[in-house]
Structure formats: structure tokens, C-alpha cells
Amino acid sequence: MTESTRPLAGRTAIVTGSTSGIGLGIARALADAGAAILLNGFGDAKAIDELVQELSTSAGVKVVHCPADMSKPAEIAGMFDFAADKLGGGVDILVNNAGIQHVAAIEDFPIEKWDAIIAINLSAVFHATRAALPGMKARKWGRIVNIASAHGLVASPFKSAYVAAKHGVLGFTKTTALEGAEFGITANAICPGYVWTPLVEKQIDDQARTHGIDREAVIRDVMLAPQAAKRFTTVEEIGALALLLCGPNGQSFNGAALPIDNGWTAR
Ligand code: NAD
């Protein structure tokens, strides 16, 4: 992308859970479009330092990392102070992406796993949006992109907490859209089918155990079976959709839940 086609130049974005997978794909797309980026998430400190350097150099934007734990409201608030301090100005774009998964039958579902999934996949979306809105309203511009899931639209067995959290994210996204519209703020949800990331690789092992089948059977008969096209979506495809929602051609999307799922929820 050349300087003249960098539609997010001068904007600042927080992308939660962006040290790997979909969040990193989105952070790259927004950085390439000119936005300064706060990366959030966990991982090896040296690898994250290298990632910050690489992204900042390749995109020619300011990039910082804040390891705030999205299950802790005080750390979410601290992440916004960190962004103001290190990137200056306010947060124009918030991508609520951090998420975890656990696969187990409802009667065996560990209560602490339920609580963690609701905290990170749903409550953190509320806490971060709550922190972002006052500045966006004051500046009369804001873009909020919530990474939900096809599991925000349909259920699968053994994913009760995840399905409940992602359905909740869609309701919260619509409410945010209604409250933000008069201030030039949009809020939309992206609902991916399966995307090949570390989260999915772990899930294959968990599902193999839960269903008592091998990895290939999980991929073929559990994951890709409900999708019309039997392929994994790439993080670059999700990044491109997030960029559309945040860029100049995205302003009519508001309160939408956008499947990017190879036909899964068309059934
Ligand atoms: P991933 O495991 O590759 O990345 C998750 C990121 O979240 C990592 O950066 C991790 O460090 C971070 N994270 C985890 N817990 C955190 C916490 N408590 N605080 C801060 N950061 C935390 O996963 P992914 O597949 O890229 O998933 C990203 C989002 O996309 C999730 O919300 C997930 O539900 C959603 N999603 C994924 C798929 C898929 O097939 N991969 C499909 C639909 C939706």
C-alpha cells in the first residue's frame, strides 16, 4: 500500500489478543493501512519484541505491546492509559479479538473454564468498549470490530461457554452500534468459520479426545463438515474484512454480524 492509499494514516488502533492468529492478521492489515497499533496478548517476550520491531518496520507505523490480561477489568483500563501514553491521542479503532476455547460436555465443563471464557470472550468486550467510547464520542469517530464466530450464530456440541459468549458478543455489538451511531461510531462483528491458528490446532487435539476420534477425522467430520467449502479461512482474509469495516468504504456497516465461514451458516 502506498502512502497515498493508506486510509488509516493518523489513526490509532488497539487489537486485543494480537500476538498470534487472527488478531495478528488484523493488526498487520490495519498497520499496513497506516494505523499505529497497540498489540496485546501473551507469548515469549523476545518473540513479541521481534514482532513489534518487524511490524513497525514493515508497515512504517508506531507499534507497541501491552500484555494486559483481558480477564481483568483493571488491566483493560490500564491498557487504554498505556495506549494514550505510548501512542498519544485517543484510541480510534478497537478490535476485540482475544479469545479462548474449551471443549467438554456441559455436565463435565469445569466451572473455572466457564468463568474464564465468559470473562475473556464476552465481558472483556464490554470493559474495553466502555473504556473506548468516551474518547470516540468526543472525537465523533470510532470503529469497533468484535471478533465473534460462526458459533455466535449457530451452536456445536461441547462448546457451551464459547457458544454462549459469542452469541452474547453479537447482542452487545448491536447495542453498541445503536448507542454509537449518532457520534460517528460503528460497531460490527466478524463471524469466522474455521481459521488455521494456534487456538484451532489445540482444539483439534481436545476434540479428538472428547469425540474419541483421530485428528484427521476431527478436521474432516467435525470442523469442516458443516462448511459448504471444505477449507480453512486465512488470517489475511479476516484482516482484509476488518480493514474494510474500519476504512472509508465501511461506514454503512453498523450492528452487522458478518459470517466469513465458507457457507457454514448458510445451511
Ligand atoms: P489464538 O490462540 O491464535 O490467539 C489468541 C490471542 O489471544 C493470543 O494473542 C493470546 O495471547 C491472546 N489471549 C488469550 N488469552 C488472553 C487474555 N486473557 N488476555 C489477553 N490476551 C489473551 O486464537 P485465534 O484463533 O486467533 O482466535 C482469535 C479470536 O478469533 C478469538 O476470539 C476466537 O474465538 C475467534 N475465532 C477463531 C476462529 C478460528 O477458527 N481460529 C474461528 C472463529 C472465531
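Bear in mind the structure is a predicted one, so any value in this text is a computation, not a measurement.

**Side note on unusual backbone geometry**
1) Next: The phi dihedral of Phe-158 falls on the positive side, at around 75°, and the residue is not glycine.
2) Next: Its place among the elements puts Phe-158 in the loop between strand S5 (142-147) and helix H5 (160-180).
3) Next: Under the C-beta neighbour-count criterion, Phe-158 is labelled partly exposed, with 19 such atoms within 10 Å.
4) Next: Of note, the phi angle at Asn-262 is positive, near 55°, even though the residue is not glycine.
5) Next: When you line up the elements, Asn-262 lands in the segment after strand S7 (257-260).
6) Next: Of the residues examined, Asn-262 has 20 C-beta atoms within 10 Å and is grouped as buried.

**Topic: the packing of helix H3 (residues 73-87) against helix H4 (residues 111-139)**
1) Next: Where H3 meets H4, the closest approach of the two axes is 9 Å, and the angle between their N-to-C directions is 35°. The handedness of the crossing between H3 and H4 comes out as right-handed. Residues Pro-73, Ile-76, Ala-77 and Phe-80 of H3 touch H4, and the partners they reach there are Ala-124, His-127, Ala-128 and Ala-131.
2) Next: For the contact of H3 with H4, the per-class residue count stands at seven nonpolar, one polar and no charged.

**Overview of the site of the ligand**
1) Next: Inspection of the region around the ligand gives 29 residues, with Gly-17, Gly-21, Gly-41, Gly-99 and Leu-199 positioned closest.
2) Next: Elements supplying a minimum of two residues to the shell around the ligand: helix H1 (21-32), H4 and helix H6 (198-211).
3) Next: Of the residues belonging to the shell around the ligand, the class tally is 13 nonpolar, 15 polar and one charged.

**So, the pairing of strand S4 (residues 93-96)**
1) Next: Across the two faces of S4 the burial is the same, with Ile-93 and Val-95 and Leu-94 and Asn-96 all buried.
2) Next: With three bridges joining them, strand S1 (residues 12-15) and S4 adopt parallel strand pairing. When the bridges of S4 are listed, Ile-14 appears paired with Leu-94.
3) Next: Relative to S5, S4 runs parallel, the two sharing four bridges. Looking across to S5, one finds that Val-95 is bridged to Val-145.
4) Next: Considered for its hand, the β-α-β crossover made up of S4, H4 and S5 is right-handed.

Rules used in this analysis
- Residues numbered from 1 in each chain as written.
- Predicted model: local features only at pLDDT ≥ 70, side-chain atom pairs only at ≥ 80, totals over all residues.
- Helix = DSSP H or I, 4+ residues; strand = E, 2+ residues; numbered from the N terminus.
- Buried ≥ 20, exposed ≤ 12 C-beta atoms within 10 Å, placed from the backbone.
- Axes fitted to C-alpha atoms, helices over the stretch in contact; angles between N-to-C directions.
- Left-handed = near helix turned anticlockwise from the far one by under 90°.
- Contact = placed C-beta atoms within 7 Å.
- Nonpolar A, V, L, I, M, F, W, Y, C, P; charged D, E, K, R; others polar.
- Near = placed C-beta within 6 Å.
- Pairing = 2+ DSSP bridges.
- Right-handed = clockwise from strand over helix to strand, strands pointing away.

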